[in-house]
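Read off the chains here:
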Amino acid sequence: MSSVTDFLVNFLPGFVLALMVIILSAVIFPFAARRILGFMGDRLGPNRVGPQGLLQPFADFLKLFIKEDVTPSQAHRMLFLLAPAVALVTPMLTQVVIPFGEDYTIADLNIGLIYIVAVGAFSVLGMLIAGWASNNKYSLVGGLRSAAQMISYEIPLILTIVLVAILTGSLSLNKVVIAQDSVWFAAIQPLAFIIYVIAGVAELNRTPFDLPEAESELVSGYITEYGGMRFAFLYGLVEWGNVTVWAMAGSTLFLGGWRGPFFNSSIWLAVKVLAMVLVIIWFWATFPRLQIDQLMAFAWKVLIPLSLLNLAATSAFILIWPDNFLLPTAILSWALIALFILFFPRIVRRILLNTRLKLLATRRMTTVISGTGKGGIRS
Amino acid sequence: MSSAEELTGPGHPAFHLDEMVLNMGPQHPSTHGVLRLVLHLDGELVVSVEPQLGYLHRGFEKLAENRTYLQYLAMISRLDYLSGFFMEWSYVRGVEALMSIRVPKRAEYIRVIIGELNRIISHHIAYGDFLMNLGASTPFVWAFRDREDVYDLLEMVTGQRMMYNYMRIGGVRWDLPGEFEAGCRKFLKNFPAKIDEYEKLVTENEIFLSRTLGMGIIKPFEVLDYGLSGPNARASGVDWDLRREVGYSVYPEFDFKVPLGQHGDCYDRYKCRIEEMRESTKIIEQALDAICGGPVNIKMPPMLRPPAGDVYRAVETPRGEYGVYLVSNGGLRPWRLKLRDPTFSAISMIPKLTAGNKIADLVAIAGSLDLIMGGVDR
């Protein structure tokens, strides 16, 4: 009997908290995204329902919930219905180890970092199931794309998390936050932070890596066949829940978690999460989409070597200066990032465009019909 | 041999396991209307593409045979709905040539001004949709924002936003309203900065370059083989622009460049359109400076009876050469009307350009060709 009460006392508050975070993010972020995208495109965005359109998400959810729940007749019924639930596992479980405040973590595991990686790898499963079970070709291609993409970008993501573990000397996320007492890891390891952001955006299937749901190619990818409540579940809860969880982990690993100037509180965590989500929305408004082979090339030829180099060099520096390694590693990482930004266009063109640029160099067109005038766009 | 052929060739049976047939369209976000593409996919690779037309067929050529020359004018801008003014222009030029009518000078200037404004909004769509196909959302919205300024001007002149019905045989319907010139000059003053803004967002973006450079190359002789025209042809270095070569209307009076590409890839086609928007603003400016007074149309009888004969007249629309072949037997109605749409030729390039590329490239190439199905399925 006591074990049941124990379980309830330990489990229920954490479960409710995790669920609340996800529901809140599903309410706030899609609306915020639409509003901000609107402002960036010189529009207003949804502003009709409630003051400044604040009730728009509720109207959307109401609409989606009263819609008919359709299962395509040719779909694999059980897996089709199961996929949204499977996909919700990652955003729910990742929050278990995130320190929400000074003295509140749902469960302070001493292998928190490994746990995050393990649970994060789970998210591809839901998408793959959804894509396969829908029995729709667009969904299938979307699901396969997400599998390939997430497995590739898992590696640079894990390498940056390993770097955090090395800097902290522990795998517990509470220790990670405490280790950033004086200075954030984002300042010591900006390269790792940027790789975390890039690989994370790819993991979340967001622009410019939104190939699994590329609406101009695959309609909606693995979500295509989902409608009504299940669409709300997959798009709202799972996708934006994943974004929130990625931002929470990122703020904890690199931006000092709940610590902040003046006072320490979970408000700082919320602020950092909002800032990181804003970056995603900003990307969304700015970038076109990569292509699948370029996406893979970018992961395997740019991000992974770079994060491996960073990891190896940082580890060597820690071996050389075991006591005060912060300054040398910081200098190294800043230098690397400066080089990265300086040579970024060249790297990208070399790696993503190599064959095609050679083709262009050899095949310079000569004008076959010459009109009366002269023109040219590449002077 | 394309990479798809290498992969699926007889030497590699292991890769020739299952080819997926995917119907892209007619309802698909990036087929611009109702183009249906039957794709044979090998994973992400496109093995072959088969465009299927006819989902928007309305029998426009046949309908012309049952209407008087003037009645048909109200319909023709529904063909290529993004450049409706050019449809009217090509048809009106055909009838005027049949009847040997000289159009008043002022009407020609007005035609050039409205036509170039229409070219700008059509290229706006080409820019926005191309970038939308590549996955960028903001350029599309910006393009629609700036189209609105032009639409206001066109509404001021014609009373309509898309289907103008402003041309008349022997001129235009009525004169420009008094406030048009100020409004137009204000637009022309602001517009080059807006084009710079589009370019700043997109042109040097590494992702954009990596998607478009060297992608979907059309060689100059292919341009001739497939009968491409407009920016699609000029991006391949084919220096051909009817405005300059034929010099119809008052175009010979204006000083404008014809932007050319060197490689004929998606990037060049995009860049050509951007530069054409700049050139169009220059033409409008010159036309506004040079415009003379006088009547804007000739008094015509309500029932036209052109003499028997046939004529081919074409104008340079934003998508290329739009041609009208008109046969008259001296009656009230055209005996036969044949329309030549540049997008039809562009669609015939798609299978050749996309085989061996990825699905994403197919979408990019289709976007760069600037397809409008309204004119294709007449």
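All values reported here derive from a predicted model rather than from experimental measurement. (Residues numbered from 1 in each chain as written. Chains lettered and ligands numbered in written order. Predicted model: local features only at pLDDT ≥ 70, side-chain atom pairs only at ≥ 80, totals over all residues. Heavy atoms only, no water.)

Draft legend 1. Quick peek at the overall build of chain A. When you go through chain A residue by residue, the secondary structure sums to 15 helices and two strands. Against the globule reference of 21 Å for 379 residues, chain A gives a C-alpha radius of gyration of 23 Å, in line with a compact fold. Referenced to the eigenvectors of the C-alpha coordinate spread, the extents of chain A come out at roughly 90 × 65 × 40 Å. When contacts within chain A are restricted to residue pairs at least 6 apart in sequence, long-range pairs at least 24 apart make up 74% of them. Surface exposure of chain A reaches about 17,300 Å², of which carbon and sulfur atoms provide 71%. (Helix = DSSP H or I, 4+ residues; strand = E, 2+ residues; numbered from the N terminus. Rg over C-alpha atoms; globule rule 2.2 N^0.38 Å. Contact = heavy atoms within 4.5 Å. Areas by Shrake-Rupley, 256 points an atom, 1.4 Å probe, with all protein chains shown as cover.)

Draft legend 2. Broad picture of the side chain of B:Asp268. Secondary-structure assignment places B:Asp268 in helix H12 (residues 266–290). Within polar-contact distance, the side chain of B:Asp268 engages the backbone nitrogen of B:His263 at 2.7 Å. (Polar contact = N/O pair within 3.5 Å; in protein donor to acceptor, adjacent residues only side chain to side chain.)

Draft legend 3. Quick peek at the confidence of the model for chain A. When the pLDDT values of chain A are averaged, the result is 81; 91% of them are 70 or greater. A low-confidence stretch, residues 372–379 of chain A stays under pLDDT 50, and its non-local contacts, those more than four residues away or across chains, total 24 contacts. (pLDDT = per-residue confidence, 0-100.)

Draft legend 4. Structural view of the packing of aromatic side chains. Residue and element names in this part refer to chain B. Enumeration over the complete set of coordinates arrives at 31 aromatic pairs over all chains. With a centroid separation of 4.7 Å and an interplanar angle of 25°, the aromatic rings of Tyr127 and Tyr198 are classed as stacked. Within this pair, whereas Tyr127 is found in helix H5 (residues 105–133), its partner Tyr198 is found in helix H7 (residues 180–202), the two being separated by 71 residues in sequence. For Tyr127, a relative accessible area of 3% puts it in the buried group. On the basis of relative accessibility, which here comes to 0%, the residue Tyr198 falls in the buried class. By way of ring pairs, the aromatic residues Phe85, Phe86, Trp89, Tyr109, Tyr164, Tyr166, Tyr248, Tyr251, Phe254 and Phe256 are connected into one cluster. (Phe/Tyr/Trp six-rings, centres within 6.5 Å; stacked < 30°, edge-to-face > 60°. Buried < 20%, exposed > 50% of the residue type's maximum accessible area, 1.4 Å probe, protein only.)

Draft legend 5. Structural detail: helix H13 (residues 342–354) of chain B. Residues and elements named next belong to chain B. Helix length check: H13 (13 residues) gives 19 Å between terminal C-alpha atoms against 18 Å at 1.5 Å per residue, within 8%. What H13 keeps buried is the set Pro342, Thr343, Ser345, Ala346, Ile347, Met349, Ile350, Leu353 and Thr354. Capping of H13 at its N-terminal end is provided by Asp341; its side-chain oxygen lies 2.8 Å from the backbone amide nitrogen of Thr343. (Expected span 1.5 Å × (residues − 1).)

Draft legend 6. Examining the side chain of B:His124 more closely. All names here are of chain B. Its location among the elements puts His124 in helix H5. Here His124 falls in the buried class, since its relative accessible area comes to 0%. Excluding anything up to four places from it in sequence, His124 contacts Ala143, Asp146, Arg147, Phe191, Tyr198 and Met277.

Draft legend 7. Local environment of the pairing of strand E7 (residues 320–328) of chain B. Residues and elements named next belong to chain B. Of all the nine residues making up E7, eight are buried; the element is thus mostly covered by neighbouring parts of the structure. Pairing of strand E6 (residues 309–317) with E7 involves nine bridges; the strand directions are antiparallel. From the neighbouring strand, Val315 faces E7, where its bridge partner is Tyr322. Connecting the antiparallel pair E6 and E7 is a turn made up of two residues. In terms of strand pairing, E7 meets strand E8 (residues 336–340) through five bridges, oriented antiparallel. Its bridge partner being in E8, Gly323 is matched across the sheet by Arg340. (Pairing = 2+ DSSP bridges.)

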